[in-house]
Amino acid sequence: MDQKQLVEQIVIPILQVLIAVAVVPLIILYLQLVERKVLGFMQVRLAPRRVGWHGLLQPVADAVKLLTKEDTIPAKADRFLFTLAPIVAVATALSALAVIPVAGTPFSLFGYEVKPWISDLNIGVVYLLAISSLGIYGILLGGWSSNSKYSMLGALRSTAQMISYEVPLGFALIGVMMLAGSASTVRIVEAQKSSGWWYILPQIIGFFCYFISAVAETNRVPFDLPEAESELVAGFHTEYSGMKFALFFLAEYTNMIVVSSIVTIAFFGGWLRPFPNVEALAWLENGWVPLMSLVLGAFAGWLAGNHLGGGLNPLMVGALLGALLGFGIAVADLGGLATMSVPLLSGAFWFTLKVSFFLFVYIWFRGTYPRYRYDQLMQLGWKWLIPLSVGNVIVTGLVMLLLGRT
Amino acid sequence: MSVVGRPARRDSSPIMDALRSILLLELWVGLWVTLKNQFRPHITVEYPKETVELSPRFRGTPRLRFHPENGEELCIACHLCEVVCPDDCIHIVSEKKPDGKGKRLVSFEINYERCCFCGLCVDPCPTKPLTAIYMSHDYEMADYKREGFVAPLKTLLDGIEPKEYKE
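The shown structure was predicted, so the numbers you read here are calculated from the model rather than taken from an experiment.

## Quick word on the overall build of chain B
Right, so step 1: For chain B, the count of helices and strands is four helices and five strands.
Right, so step 2: Listed N to C, the secondary structure of chain B is α-α-β-α-β-β-β-β-α in terms of helices and strands.
Right, so step 3: Split into buried and exposed, the 167 residues of chain B put 28% on the buried side.
Right, so step 4: Across chain B, contacts joining residues at least 24 apart in sequence account for 64% of those joining residues at least 6 apart.
Right, so step 5: When the accessible area of chain B is evaluated, it comes to approximately 12,300 Å², of which 58% is carbon and sulfur surface.

Next up, the structure:
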């Protein structure tokens, strides 16, 4: 193995892993702030605004608090498993990031080829499903080893929920794998480009099954029974504090990001722009600088707007300012930085935009829906989602057979 | 006679009902409501920095006041508020005036720990032109010691001193 191969196959992936492990927690800290902001606005109140400008330093304060808090272990807890549980939860959640492609085109750095994904497994989707089923061990062990009734109940609920929802989760993705003819995450997106439409169109039922099961799989509202705070104090992490609690927290939010990424990759064309084969819409791909400034401007306007009196106007003003700035940058073409057609950056922009939207949907659900009752949860999983997703696989197969595409 | 409960559906045919539940209509309606609410102006305030406007009838701590024109004590030490108080939180000590006519206050204490802010003490107060005891608009009464909640005459007249809170 010569040096080039060595660097491309070992050194660069290791660096990518380090970057992912360092960057994702930072993203999550701010995701938490956005979550609190969105929830606050949905409840017509002010969200955190004390620490920093519009609360922008709140995540830092939270992180310092969590890191310096006393780390208690209950006297009757199983110390080894109690410590192991958050590590399992976080390790499985972070390792799922390995097969997520952020953009489509490899680029070269110092003469070496760097791919915008850590690994392109040919069984990528299966790997993701396997890893997410392992993640449940973190919750189960944490709940069991705490030696507390509430933790135990939370862990039991979580186990039942995972067993019920793992099945439709897998079946919903089988339809996509059949259409793409591959289980590799990169291939699935490339297949969507060659077929000319996102798989949300042929697989809309699969998408609904997948997204609902995924919300249940990540233990988020309205399926947050394992940590139902009005019933079980805090569910499986009742006894956890300090850094160990922070790790569970990190695992939950990493899972949210992973699930949003899979939805984006499998159903919404990953890094592709909308209608990837329509030439008339090529500006969606090339004009990523103005588009990104438009989105960021609208976001900033929306963040600040609630305090200025609310309404759609601050959002519009922000979007307009952002768009003008973006067009300015694009026209001026500052130092080649904003060169209009960088497929890598425009791909990353579209991918991030779609993932952000699904993260917003998570928070939106949390602001809207009350928690399911336990039997309702089981009913939804077994009586609706599993038959629907199995039916989806059968219908997809039949249609593919009739159209003669195998 | 009006019937309280769910408003009658305008169209409750079985087909519409089935469509409703298949298309998850109610879930979409819920999402739309929360989406809209994001763009409403906030109705909460950042409390210590800004405060909400109180209603004129807001009942804060009961306090005493002077005559608005000549600045004399209004209270005639009739003990009516002490008698009517359901919590027994008012404690009055009075003495005969030196000129032999009527009584005057020696001390007047209200225990804010027991007070339930009902305002019943204000109703029987016989003084003119204003009642001597009244429900003020003060509500910032936190303290570090229980003794701080027994308000002497001076506090009742001047209001609770703003406190320096420990960091």
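## Some details on unusual backbone geometry
Right, so step 1: Cis geometry marks the peptide bond from Val221(A) to Pro222(A), where omega comes out at 5°.
Right, so step 2: You can see Pro222(A) is positioned in the loop between α7 (204-217) and α8 (229-232).
Right, so step 3: Not every positive phi belongs to a glycine, and Asn219(A) is a case in point at roughly 60°.
Right, so step 4: Along the chain, the position of Asn219(A) falls in the loop between α7 and α8.
Right, so step 5: Within the chain, Phe117(B) stands out as a residue other than glycine whose phi angle is a positive 55°.
Right, so step 6: Its place among the elements puts Phe117(B) in the loop between β3 (103-111) and β4 (133-135).
Right, so step 7: According to the relative accessible area criterion, Phe117(B) is partly exposed, its value standing at 23%.

## Re the side chain of Arg220(A)
All names here are of chain A.
Right, so step 1: Among the secondary structure elements, Arg 220 is positioned in the loop between α7 and α8.
Right, so step 2: Of the residues examined, Arg 220 reaches a relative accessible area of 3% and is grouped as buried.
Right, so step 3: Separated by 3.3 Å, the side chains of Arg 220 and Glu 252 make a polar contact.
Right, so step 4: Apart from the residues within four sequence positions on either side, Arg 220 is in contact with Glu 35, Val 215, Glu 252, Tyr 253, Met 256, Tyr 362 and Arg 366.

Conventions and cut-offs
- Residues numbered from 1 in each chain as written.
- Chains lettered and ligands numbered in written order.
- Predicted model: local features only at pLDDT ≥ 70, side-chain atom pairs only at ≥ 80, totals over all residues.
- Heavy atoms only, no water.
- Helix = DSSP H or I, 4+ residues; strand = E, 2+ residues; numbered from the N terminus.
- Buried < 20%, exposed > 50% of the residue type's maximum accessible area, 1.4 Å probe, protein only.
- Contact = heavy atoms within 4.5 Å.
- Areas by Shrake-Rupley, 256 points an atom, 1.4 Å probe, with all protein chains shown as cover.
- Polar contact = N/O pair within 3.5 Å; in protein donor to acceptor, adjacent residues only side chain to side chain.

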